[in-house]
Amino acid sequence: MTADVPARQGATVMHVRCPDRLEQEVYRQVLEQLAELWPVVQALPPTAALVELRGALPYYGVDARRLGEILRVRTLSRLGVDVRVGIGPSITAAATASTQIPGPGGVLAVAPEQVADWLGGLPVEALHGIGPRQATMLRDYGIHHVGLLAAVSPATVQRLLGGRAGRLAADRARGIDPRPVVPRALPASATVRCSFPRHTLDGAEVRAALLDLVVRLGRQLRSRDQAARALTLTLSFAGTGSWDKTRRLTEPSAHEDDLRTLAYRLLDAAGLQRGRLTALALRGEDLIGAGQVTTQISLDEAREARLVAEAAVDRVRDKFGPGVIGPAAVFRSAS
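Small disclaimer: the values here were computed from a predicted structure and weren't measured. The residue numbering used here restarts from 1 in each chain and proceeds along that chain's sequence as written. Restriction of local features to residues with pLDDT of at least 70 applies here, the model being predicted, together with a cutoff of 80 or more for giving and counting side-chain atom pairs; totals for whole chains, interfaces and linings are based on all residues. Hydrogens and waters are ignored; side-chain quantities use all the structure's heavy atoms.

> Help me understand the overall build of the protein, please; the structure alone is not making it clear to me.
Secondary structure elements are taken from DSSP: a helix is a run of H or I of four residues or more, a strand is a run of E of two residues or more, and numbering for both begins at the N terminus. Looking only at helices and strands, one finds 13 helices and 10 strands in the protein. Throughout this description, buried means an accessible area under 20% of the type-specific maximum (1.4 Å probe, protein chains only), exposed means over 50%, and partly exposed covers the range between. Taking all 335 residues of the protein together, the buried fraction comes to 42%. Note on contacts: a residue pair is in contact if any heavy atoms of the two residues lie within 4.5 Å. Considering only intrachain contacts with a sequence separation of at least 6, the fraction spanning at least 24 residues in the protein is 65%. A total of about 17,100 Å² of accessible surface is found on the protein, and carbon and sulfur atoms cover 52% of it. Note that accessible areas follow from Shrake-Rupley with a 1.4 Å probe, and for residues the cover is restricted to the protein chains shown.

Here it is, written out as structure tokens:
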């Protein structure tokens, strides 16, 4: 049975697959959309994630399939990313379902009482957790479908695939998978990049491009309620050469003033003379939650005013888009 079936209250695991070769920052933004839907999210880099929907279903008052459709609309409209969403009562069922969706995106929900029949009709290599070598060994033994794998004794599967692997395959073919969704974030870093349309020796152009990266990185960190303890600047040159350096901030921060000051110091440390740059990358390292940053009373009225202005600019960008307001140097460089 390969048709989609309604997902009832028991189908609480959502497995989300993004397109292959998705940029890391876009993947982070997809994770943010998942967390906005429901906070119990397990990242599976580089392009997948799990969501536990047990608490979300009564909260939203809709079924799991509807939540999957809501997520797909959000990622497509906000990020331009179409995702495949598999939903089932276990990680295995949900992850297998997400691979059975044709095309770039869609939602497939499998109800708990339908899992065994639905899995049974799939080719054995479609079962989540079965690799190509395992599938070949099973097929050589005459086990071509998941239903046949479920019908064979677990002891036989263990002899074919090995003790632990065989036991897991036998269980999952029967729809048995007690693993919970364990909230897990990505490694604590955030990266923004830019490429020059032609090799550049213009120091003002490079500085303006770096300022734009600072603005973008700061906004990302603030939108995620995070702060960076360090910055890494990477310069790519014509040919194969590159240069990178990391320095720590005096205090963790997501504010443009602090990020810009350190980013410019990193650029100055590169000692650029006749190097023809092709690209820049700025990475916030060792990220922490904004709530963990110690807030100190400041006597610098100018800085406090800039922080207030920064918050107002963030609200303008949230409403009208990131390109409507920014430093004059960035806009001059783009014109």
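> Can you walk me through the sheet that holds strand S2 (residues 41-44) in this structure?
Sheets are built from strands paired through backbone hydrogen bonds, the pairs being either parallel or antiparallel. Between any two strands, pairing holds if DSSP finds at least two bridges. Taken in spatial order, the 5 strands line up as S2-S3-S1-S4-S5 in an open sheet, and their pairing is mixed. Pairing within the sheet leaves two strands with one partner each, and these edge strands are S2 and strand S5 (106-109). Averaged over all pairs of adjacent strands, the angle between strand axes in this sheet comes to 15°, irrespective of strand direction. Relative to strand S3 (residues 48-52), strand S1 (residues 13-17) runs antiparallel, the two being bridged by 5 bridges. Paired with histidine 15 across the strands is leucine 50, a residue of S3. Only the stretch in contact is used when a helix axis is fitted, and all axes are lines through C-alpha atoms; the angle between N-to-C directions ranges over 0 to 180 degrees. Against the sheet, helix H4 (residues 91-99) touches S1, S3, strand S4 (84-88) and S5, its axis set at about 145° to S4.

> What is the right way to read the nonpolar core from this model?
In summary, soluble globular proteins display a tendency toward joint burial of nonpolar side chains. Here, nonpolar core means buried Ala, Val, Leu, Ile, Met, Phe, Trp, Tyr and Cys residues that are tied together by side-chain atoms lying within 4.5 Å of each other. Of all hydrophobic cores here, the largest spans 30 residues; its most connected members are Leu210, Leu221, Leu231, Leu235, Leu280 and Leu282. For this core, the secondary structure elements donating two or more residues are strand S6 (189-200), helix H10 (203-223), strand S7 (226-237), helix H11 (256-270) and strand S9 (277-285). Per-element tally for this core: the top contributor is H10, with 8 residues. Other than its neighbours up to four places away in sequence, leucine 210 contacts Leu233, Ala263, Tyr264, Leu267, Leu280 and Leu282. Ranked by size, the runner-up nonpolar core spans 26 residues in total, among them Cys18, Leu34, Ala43 and Leu57.

> Please clarify how the confidence of the model for the protein should be interpreted in this entry.
Segments scoring low in pLDDT should not have their predicted coordinates read at a detailed level. Along the chain, pLDDT gives the predictor's confidence residue by residue, from 0 to 100. The predicted model of the protein has a mean per-residue pLDDT of 85, with 88% of residues at 70 or higher. Note that residues 1-9 has pLDDT below 50 and, in this model, 26 contacts with residues that lie over four places away or in other chains.

> Help me understand the packing of H10 against helix H12 (residues 301-320) in this model?
A packed helix pair is summarised by two numbers, namely the angle formed by the two axes and the spacing between the axes. Packing of H10 against H12 leaves a shortest axis separation of 12 Å and a crossing angle of 85°. Here H12 runs roughly perpendicular to H10, going by the angle between their axes. Here Val215, Arg219 and Arg222 of H10 come into contact with H12, specifically with Glu310, Asp314, Arg317 and Asp318. Classification convention: Asp, Glu, Lys, Arg as charged; Ala, Val, Leu, Ile, Met, Phe, Trp, Tyr, Cys, Pro as nonpolar; all other residues, Gly among them, as polar. Tallied by class, residues from the contact of H10 with H12 come to 1 nonpolar, no polar and 6 charged. When an angle is under 35 degrees it counts as roughly parallel; over 145 it counts as roughly antiparallel; between 65 and 115 it counts as roughly perpendicular; any other value is oblique.

> How do you make sense of the side chain of threonine 191 when you look at a structure like this?
Along the chain, the position of threonine 191 falls in strand S6. Residue class for threonine 191 comes out buried when judged on its relative accessible area of 7%.

> I tried to follow the packing of helix H1 (residues 24-37) against helix H3 (residues 64-79) on my own but got confused; where do I start?
Taken N-terminus to C-terminus, the directions of H1 and H3 make an angle of 140°; their axes are 10 Å apart at the nearest point. Relative to H3, H1 is oriented oblique. Between H1 and H3 the crossing geometry is right-handed. Each of Val26, Gln29, Val30, Gln33, Leu34, Glu36 and Leu37 in H1 lies in contact with H3, whose residues at this interface are Leu67, Ile70, Leu71, Arg74, Thr75, Arg78 and Leu79. When the near helix sits turned anticlockwise from the far one by under a right angle, the crossing is termed left-handed; a clockwise turn instead gives a right-handed crossing.

> What exactly am I supposed to notice about a nonpolar patch on the surface here?
Nonpolar side chains (Val, Leu, Ile, Met, Phe, Trp, Tyr) within 5 Å and like charges within 9 Å form the patches, drawn only from residues with over 30% relative accessible area and no salt bridge. Counted as salt bridges are all cases of a side-chain nitrogen of Lys or Arg within 4 Å of a carboxyl oxygen of Asp or Glu. A surface patch of nonpolar side chains, about 250 Å² in accessible area, is lined by Val316, Phe320 and Ile325. As for its placement among the helices and strands, isoleucine 325 is situated in the loop between H12 and helix H13 (328-334). Residue isoleucine 325 is classed as partly exposed on the basis of its relative accessible area, which comes to 32%.

> Explanation requested: the pattern of salt bridges in the structure shown.
Across all of its chains, the model carries 15 salt bridges by this definition. The residue arginine 54 makes a salt bridge to glutamate 52 at a minimum N-O spacing of 4.0 Å. The exposure class of glutamate 52 is buried, given its relative accessible area of 16%. Through salt bridges with shared partners, a single ionic network connects Glu36, Arg74 and Arg78.

> Please explain the packing of aromatic side chains as it appears in this structure.
The geometry of an aromatic ring pair comes down to the distance between the two centres and the angle between the two planes. Note on ring pairs: Phe, Tyr and Trp rings are taken, using the six-membered ring of Trp, and paired if centres are within 6.5 Å. Classes follow the plane angle, with under 30 degrees stacked, over 60 edge-to-face and the rest tilted. Scanning the entire structure with this criterion turns up 2 aromatic pairs. Look at tryptophan 38 and tyrosine 59: their rings are 5.6 Å apart centre to centre, the planes differ by 50°, and that puts the pair in the tilted class. Of this pair, tryptophan 38 sits in the loop between H1 and S2 while tyrosine 59 is found in helix H2 (residues 56-60), placing the two residues 21 residues apart along the sequence. Between tyrosine 59 and tyrosine 60 the ring centres are 5.1 Å apart and the planes differ by 85°, which places this aromatic pair in the edge-to-face class. Three or more aromatic residues joined by ring pairs make a cluster, and in this case those are Trp38, Tyr59 and Tyr60. A cation over a ring is seen here: arginine 207 above tyrosine 264, with NZ or CZ 4.1 Å from the ring centre. For a lysine, the NZ atom is tested; for an arginine, the CZ atom; a charge sits over a ring if that atom is within 6 Å of the ring centre and within 35 degrees of the ring normal.

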